[in-house]
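# Overview (structure and organization)
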Amino acid sequence: MDKPHLERYAGDVVTSIEAGLPIPAYVGGWNVGVIYGYEGDGSTALGRGYFGGDDPQSVPLKDMPPFLVFLGGYDDPPADTDVLRAALEIAVRHWREDGGAWGETKYQHGKAVYERWLAALDEVESIPDDQMSGFRHVSMWTYETLFNAREAAGKFLRSQAPLVDGDARDAINRAAALYEEEHELLMASIETDGARMHRFNGTEAEDWTREGLARERGVLARCAELEEQAVSAIELALAAMER
């Protein structure tokens, strides 16, 4: 991991770019960006990173984390309604299935995650001191991912609703409204004192308060309720799209 020696793929970078195929990669850090050009023999990439703005970054392959995706080519894109249907089906599936037992190589998602997270918050006083900072980090990271994802969910559904009409459109807009409500709730919580699960504004684990934990547990429990309602609306939309 420390020395992945990605410079050995310089020739593949050149071949891909010359074929008009960009390369998803970790450009400028551990977030996925895109390589769209190269310098010299390809051992230095030109790309844009997650936090790099619009200006191209010149990054030697040898300094990049171990992640390059070489695309095989282009296919005709599916119809917009087919993409929407697939996205809605994935959302329902991820919420409804528990994903099985959690492990180091297996993540849970959907309702099962809320149940596990709420249970951990209920028993937070039993977490050993040497594990509390890790629990805070996981909670913070998941919380931030959650409010970013729910903001995106509302925007995505609003943008896609015009693709359908009637009951399907109404149900998609209903789901969007529920995700928007959830996002507002999550954002309001990180602006208050106590157990703020936020990377920059939040308190450290040793400063978490009982009141703050209880409040954020309540926020997450309400979020789970809103998501259940949103997924039910999505299921109604899928059923209407089949009629």
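Residues numbered from 1 in each chain as written. Predicted model: local features only at pLDDT ≥ 70, side-chain atom pairs only at ≥ 80, totals over all residues. Heavy atoms only, no water.

This part is about the environment of His109. On the secondary structure map, His109 appears in the loop between helix H2 (80–96) and helix H3 (111–122). For His109, a relative accessible area of 24% translates into the label partly exposed. Expressed as a C-alpha distance, the spacing of His109 and Arg96, which sit 13 residues apart in the sequence, is 9.1 Å. For His109, the residues in contact, after removing those within four places along its chain, are His94 and Glu97. (Helix = DSSP H or I, 4+ residues; strand = E, 2+ residues; numbered from the N terminus. Buried < 20%, exposed > 50% of the residue type's maximum accessible area, 1.4 Å probe, protein only. Contact = heavy atoms within 4.5 Å.)

What follows concerns the confidence of the model for the protein chain. In the predicted model, the protein chain carries a mean pLDDT of 87, and the fraction of residues at 70 or more is 88%. Within the protein chain, the element-level pLDDT minimum falls on H3, averaging 87, and the maximum on helix H1 (residues 10–18), averaging 96. (pLDDT = per-residue confidence, 0-100.)

Okay, helix H5 (residues 166–189) next. A rise of 1.5 Å per residue sets the reference length of H5, with its 24 residues, at 34 Å; its end C-alpha atoms lie 35 Å apart and thus fit the reference within 8%. For H5, the set of buried residues is Ala168, Ala171, Ile172, Ala175, Ala176, Leu178, Tyr179, Glu182, His183, Leu186 and Ser189. Check the buried side of H5 and you find it contacts H2, H3, helix H4 (129–160) and helix H6 (210–242). (Expected span 1.5 Å × (residues − 1).)

Another aspect to go through is the packing of aromatic side chains. Under the definition given, this model contains five aromatic pairs. When the centroid spacing of 5.4 Å and the interplanar angle of 50° are considered together, the rings of Tyr26 and Trp30 count as tilted. Look at Trp30 and you get exposed, because its relative accessible area is 53%. Consider the rings of Tyr143 and Phe147, whose centres lie 6.3 Å apart with planes at 75°: the pair is edge-to-face. Taken together, the residues span about one helical turn, with Tyr143 and Phe147 both in helix H4 at a distance of four residues. Cluster of aromatic residues (ring-pair linked, three or more members): Tyr26, Trp30 and Phe67. (Phe/Tyr/Trp six-rings, centres within 6.5 Å; stacked < 30°, edge-to-face > 60°.)

We now examine the packing of H5 against H6. One way to put it is that H5 packs onto H6 with a least axis distance of 8 Å and a crossing angle of 165°. Compared by their axis directions, H5 and H6 come out roughly antiparallel. Crossing of H5 over H6 shows left-handed handedness. For the contact of H5 with H6, the residue count by class is 20 nonpolar, two polar and eight charged. (Axes fitted to C-alpha atoms, helices over the stretch in contact; angles between N-to-C directions. Parallel < 35°, antiparallel > 145°, perpendicular 65-115°, else oblique. Left-handed = near helix turned anticlockwise from the far one by under 90°. Nonpolar A, V, L, I, M, F, W, Y, C, P; charged D, E, K, R; others polar.)

Attention shifts here to the nonpolar core. One recurring pattern in soluble globular proteins: nonpolar side chains tend to sit buried together. Within the largest apolar cluster, 42 residues are counted, with the highest numbers of intra-cluster contacts made by Leu88, Tyr143, Ile172, Leu186 and Leu220. Of all the secondary structure elements, the ones that give two or more residues to this core are H2, H3, H4, H5 and H6. Top contributing element to this core by residue count: H6, with 14 residues. Excluding its chain neighbours within four sequence positions, the residues that come into contact with Leu88 are Leu157, Ile172, Ile234, Leu238 and Met241. Counting 13 residues, the second largest nonpolar core, distinct from the first, contains Leu6, Val13, Ile17 and Ala25. (Core = buried A, V, L, I, M, F, W, Y, C linked by side-chain atoms within 4.5 Å.)

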